[in-house]
Amino acid sequence: MFERLRQALSSFASSVREKIETRELKPEDLEEPLEELTLSLAEAGVAYDVALGIADSVKRALVGSRVPRGADANSIAREAVAKAIAETLGGTAPDLVEGAKEKCSVGRPYVIAFFGVNGVGKTTTIAKVAKYLKDRGVPVLIAAADTFRAGAQEQLRIHAERLGVPFLGAPYGSDPASVAYNAITMAARRGVCAVLLDTAGRMHADVDLMNELKKIVRVARPDVKILIVDSLTGSDAVEQARTFDESVGVDSIIVTKVDADAKGGTVVSVAAAIRKPIMFLGTGQGYDDLERVDPLSFAKRLVD
Ligand code: GDP
């Protein structure tokens, strides 16, 4: 997972380490390594303008630095690179467990809306998040506000049954916003703390779809709007992030299928493109293959 990104970052860290060891770093010392870094980030699937931005923030972090007596040049270089990547990743995503428990304590359900194009792994990811919350003591309900894809409803129903979680579907073609509304009412009545709303994802450029999603947002007033993208789709994922963010406003991102991604650039590009945090990574097909992202420790892992 992410071998290319890891390689790009750690070979940069090694090349500046040698320089840091002998003197205080000047901008010209970094020129060549930064050019290399930009190119190898782009090869790892990071959008070129984002790669330039990372190189710039690495430069700001490193110019003028020198190794204090007794300190380790290697860890200073790696730390600076990790910090620059973490900055690019756009902060820490809201804690769903805390949010749901807080909302529940005042008798209202915490509403989480999921957006994304079909095929990115949305159905599977909603099931994973349902289990994640349930395992942490948050009672959840899954609602299918995608009323155009009969298969998606059935798939979600099966996941909900397997997880022992209540499910609310709706007849084919019925109003998705009313499904969302009914789900929230039902959750409030039953004392369910979190409502996970699946929404349609026919085609991100589809105006009707965006209007449908906007209506769901107006009616359901989600506490969190999560966009799901597929790590393997690169620049398409970035494009989707921009479109959904402009239409419905994205709060956090989940990137799926990172287990199958040898590059890793999508995670960085998507977060940088809309300046929103990555909440989870999907790391496999099982219900527990969901990893919470803390930007700094994620970035540190990439440069270690
Ligand atoms: P949807 O059309 O967006 O609802 O996509 P699905 O949830 O049906 O997932 C499409 C395919 O991607 C399925 O075969 C899932 O098992 C697979 N998938 C979803 N998330 C992941 C992941 O994190 N890793 C891997 N390897 N496969 C995943």
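Residues numbered from 1 in each chain as written. Predicted model: local features only at pLDDT ≥ 70, side-chain atom pairs only at ≥ 80, totals over all residues. Heavy atoms only, no water.

Asker: I'd like to hear about the packing of aromatic side chains, residue by residue, with values.
Answerer: In the structure shown here, the tally under the stated rule is 3 aromatic pairs. Taking 6.1 Å as the distance between ring centres and 90° as the angle between the ring planes, the aromatic pair formed by Phe 2 and Phe 298 counts as edge-to-face. On the criterion of sequence distance, the pair formed by Phe 2 in the segment before α1 (3-22) and Phe 298 in helix α12 (residues 295-303) is long-range, its members being 296 residues apart. Look at Tyr 132 and Phe 280: their rings are 4.9 Å apart centre to centre, the planes differ by 75°, and that puts the pair in the edge-to-face class. Of the two residues, Tyr 132 is situated in helix α6 (residues 122-135) and Phe 280 in strand β7 (residues 278-282); the sequence distance between them amounts to 148 residues. You'll find Tyr 132 and Phe 280 in the same group, each marked buried. Note that Arg 136 overlies the ring of Tyr 132, its terminal NZ or CZ placed 3.8 Å from the centroid. (Phe/Tyr/Trp six-rings, centres within 6.5 Å; stacked < 30°, edge-to-face > 60°. Helix = DSSP H or I, 4+ residues; strand = E, 2+ residues; numbered from the N terminus. Buried < 20%, exposed > 50% of the residue type's maximum accessible area, 1.4 Å probe, protein only. Lys NZ or Arg CZ within 6 Å of the ring centre and 35° of its normal.)

Asker: Describe a negative patch on the surface, with residues and values.
Answerer: Taken together, the side chains of Glu 28, Glu 31, Glu 32, Glu 35 and Glu 36 define an acidic patch exposed on the protein surface. Tracing the backbone shows Glu 32 in helix α2 (residues 27-43). (Patch = residues over 30% accessible without salt bridge, like charges linked within 9 Å, V, L, I, M, F, W, Y side chains within 5 Å. Areas by Shrake-Rupley, 256 points an atom, 1.4 Å probe, with all protein chains shown as cover. Salt bridge = Lys/Arg side-chain N within 4 Å of Asp/Glu carboxyl O. Lys, Arg positive; Asp, Glu negative; His and termini not counted. Charge placed at Lys NZ, Arg CZ, Asp CG, Glu CD.)

Asker: Residue-level account of the site of the ligand, with values.
Answerer: In the vicinity of the ligand there are 15 residues, among which Gly 119, Lys 122, Thr 123, Thr 124 and Asp 259 approach most closely. At 2.8 Å from a nitrogen atom of the ligand is found a side-chain nitrogen or oxygen belonging to Asp 259. Measuring from an oxygen atom of the ligand, one finds a backbone N or O atom of Gly 284 at 3.3 Å. Taken by itself the ligand offers 580 Å² of open surface, and the protein chains cover 77% of this. (Near = heavy atom within 4 Å. Polar contact = N/O pair within 3.5 Å; in protein donor to acceptor, adjacent residues only side chain to side chain.)

Asker: Tell me about the pairing of strand β4 (residues 194-199), residues and numbers included.
Answerer: Regular strands show a simple pattern: their side chains alternate between the two faces of the sheet. Across the 6 residues of β4, 6 count as buried, placing the element largely inside the fold. Residues Ala 194, Leu 196 and Asp 198 point to one face of β4 and Val 195, Leu 197 and Thr 199 to the other, with burial holding for every one of them. Where strand β1 (residues 110-115) lies against β4, 5 bridges are found, and the strand directions are parallel. Paired with Ile 112 across the bridge in β4 is Leu 196. Both strand β2 (residues 140-145) and β4 contribute to a ladder of 6 bridges, which runs parallel. In the strand pairing of β4, Leu 141 is matched with Val 195. (Pairing = 2+ DSSP bridges.)

Asker: So what about the sheet that holds β1? Which residues, and what values?
Answerer: Spatially, the 8 strands line up as an open sheet ordered β3-β2-β4-β1-β5-β6-β7-β8, and their pairing is mixed. Edge positions in the open sheet fall to β3 (167-168) and β8 (290-292), since each of these has one partner strand only. As paired strands, β7 and β8 are joined by 3 bridges and run antiparallel to one another. Considered in β8, the bridge of Gly 282 is made with Leu 290. Packing against the sheet, helix α9 (residues 207-220) makes contact with β1, β2, β4 and β5 (224-230), and its axis sits at approximately 165° to β4. (Contact = heavy atoms within 4.5 Å. Axes fitted to C-alpha atoms, helices over the stretch in contact; angles between N-to-C directions.)

So far we have only geometry, and geometry alone does not tell us how the molecule works.
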